[in-house]
Structures are given as C-alpha cells and as structure tokens.
Amino acid sequence: MAFFIGCGIVLRKAGKYILVQEVRGEKSGYFNLPAGTLETDEDLLQCITREAKEETGTDITVEHFLGIYQTVIASGNNVVFAIFTGSVADDAIFHSDEHSIVKALTYQEIVELDSLHKLRAPTVLRAIEDFRAGKTLPVGAVQSWRLDTLPAITVLGNH
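Parameters at a glance
Position labels on residues start from 1 in each chain and follow its written sequence. Only residues with pLDDT of at least 70 get local features here, since the model is predicted, and only at 80 or more are side-chain atom pairs given and counted; chain-wide, interface and lining totals rely on the full set of residues. Only hydrogens and water are set aside when side-chain values are computed; all heavy atoms of the structure are taken into account. Per residue, pLDDT captures the predictor's confidence, and it can take any value from 0 to 100. Helix and strand assignments follow DSSP, with helices taken as H or I runs no shorter than four residues and strands as E runs no shorter than two, numbered in order from the N terminus. Between buried and exposed lies partly exposed: a residue is buried under 20% and exposed over 50% of the maximum accessible area for its type, with that area taken using a 1.4 Å probe on protein chains only. Here, any two strands with at least 2 DSSP bridges between them count as paired. Nonpolar core, defined: a set of buried Ala, Val, Leu, Ile, Met, Phe, Trp, Tyr and Cys residues in which side-chain atoms within 4.5 Å join the residues together. Note on terminology: pairs of cysteine sulfur atoms within 2.5 Å are recorded as disulfides. Only rings of Phe, Tyr and Trp enter the pairing, Trp through its six-membered ring, and a pair is recorded when the two centres are within 6.5 Å. The plane angle decides the type: under 30 degrees is stacked, over 60 is edge-to-face, the rest tilted.

Peer 1: Account for the confidence of the model for the protein chain, with residues named and values stated.
Peer 2: For the protein chain, per-residue confidence averages 91 on the pLDDT scale, and 97% of positions sit at 70 or higher. Here strand β4 (residues 35-37) stands out as the least confident element of the protein chain, with mean pLDDT 93; helix α2 (residues 107-115) is the most confident, with 98.

See below:
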C-alpha cells in the first residue's frame, strides 16, 4: 500500500473551469484538475502554486480552500488531496510541457466528460460541484509549520 499526498485546484477562467488532459501511461486521455503530489520541504500552498503553473503554464491566484478529498483505490493505495479554488486572468494563454491539452470547459461539458468516463477520478466533478455550491473555506484554514525537530510521538496499542 502506498500513500500519495498532494494538491489540486478548481481553476476558473472567464466563467469556465480549467482541466488538463493526461498524456502518460494508463491515465492518458483522461481529464483532471491541475494537480500533483507534494514535494519534500514544500507546503500545500507552494505545491498548488507550482503544480498549477507547471500544468497550465500561467500564473494563478489561489482564492479559497475547498477541502480534503480522499480516494482509497482497490489496490489499497490511498490518495489524499487538498483542493483549492482559484482563477487566472481572462486573457491567460495556456502552454504546458506536461500536458498538450489544457482546456477551459463549461460545467455542462465537464458533466458530459464524466458521463463518457473521461474524468480521471470522481474528485474532479465533485470538487467543481462543491465549489458551485459555495462550500469554500478561507485559505487560512490551511496551516503549516516548519520545525527543525519534532519530539517523538508514541502510539500506544489498545489496552
């Protein structure tokens, strides 16, 4: 079993949502939120800013924290994503070395992709629907600390 911790963003441009089309391996062809995994010595806001820039080629504005979305895959792998919301300038031009297709889509177009099983995970549509329903928190709800050391933590068994 493996654990993947990362971030994603419901990113908007001129009333549409930005999705990237995956191009590698078995996920090729599926659409996803701009997203990726947390790197060593990186906090979640740094992660989403870096990943969104890498995957869309443009600067973003992080606006809200949407929540924690967890997917437990049949293989036993566990994916935990912190999802944010944000926007890009209306005149932003997308260019990515990681994704050849970066699209601004309407909600209805995304629902159609879901019905065709072309979304990478249920998280994509669910996060967009949560955003549309106003389920956002301030970015300040996400907190992180950098410590030189952390006192040992002991987990005791059931007694």
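From this point, things continue past the structure.
Peer 1: Now, about unusual backbone geometry: what can you tell me, with residues and values included?
Peer 2: A positive phi angle, close to 50°, is found at Ala 14, a residue other than glycine. As for its placement among the helices and strands, Ala 14 is situated in the loop between β1 (3-13) and β2 (16-21). A relative accessible area of 60% places Ala 14 in the exposed class. The backbone phi angle of Asp 41 is positive, close to 65°, even though this residue is not glycine. Structurally, Asp 41 is set in the loop between β4 and α1 (44-56). Residue Asp 41 is classed as exposed on the basis of its relative accessible area of 62%.

Peer 1: Account for the pairing of β1, naming residues and giving values.
Peer 2: Burial analysis of β1 places 8 of its 11 residues in the buried class, which makes it a mostly covered element. As paired elements, β1 and strand β6 (residues 78-87) share 10 bridges and run parallel to each other. From the neighbouring strand, Ile 5 faces β6, where its bridge partner is Val 80. Between the antiparallel neighbours β1 and β2 lie 2 residues, among them Ala 14 with a positive phi of about 50°.

Peer 1: So what about the pairing of β2? Which residues, and what values?
Peer 2: Among the 6 residues that make up β2, 5 are buried, leaving the element largely enclosed by the rest of the structure. By the bridge criterion, 2 bridges tie β1 to β2 in an arrangement that is antiparallel. Following the sheet pairing, Arg 12 is matched in β2 by Tyr 17. Here β2 pairs with strand β7 (residues 102-105) via 4 bridges, running antiparallel. Across the sheet, the residue bridging to Tyr 17 is Leu 105, located in β7.

Peer 1: Give me the lowdown on the nonpolar core, citing residues and values where you can.
Peer 2: Among the nonpolar cores identified, the biggest contains 20 residues, and Val 10, Leu 19, Leu 33, Ile 83, Ile 110 and Leu 119 are the most heavily contacted of them. Contributions of two or more residues to this core are made by β2, β5 (61-72), β6, α2 and α3 (122-132). Looking at which element gives the most residues to this core, the answer is α3, with 5 residues.

Peer 1: Explain the state of the cysteines residue by residue, including any values.
Peer 2: What the rule picks out here adds up to 1 disulfide. In this model, Cys 7 is linked to Cys 47 through a disulfide, with the two sulfur atoms separated by 2.5 Å. Across the S-S bond of Cys 7 and Cys 47 the torsion is about -80°, and the bridge reads as left-handed. One end of the pair, Cys 7, is in strand β1; the other, Cys 47, is in helix α1, with 40 residues separating them in the sequence. Looking at Cys 47, the relative accessible area reads 0%, which means it is buried.

Peer 1: Can you break down the packing of aromatic side chains residue by residue, with the values?
Peer 2: When we look at a pair of aromatic rings, we describe it by the centre distance and by the angle of the planes. In this structure the tally under the stated criterion is 2 aromatic pairs. Considering the side-chain rings of Tyr 17 and Phe 131, the 6.4 Å spacing of their centres and the 80° angle between planes classify their relative orientation as edge-to-face. Taken together, the residues Tyr 17 in strand β2 and Phe 131 in helix α3 connect sequence positions 114 residues apart. Residue classification places Phe 131 among the buried residues on the basis of a relative accessible area of 19%.

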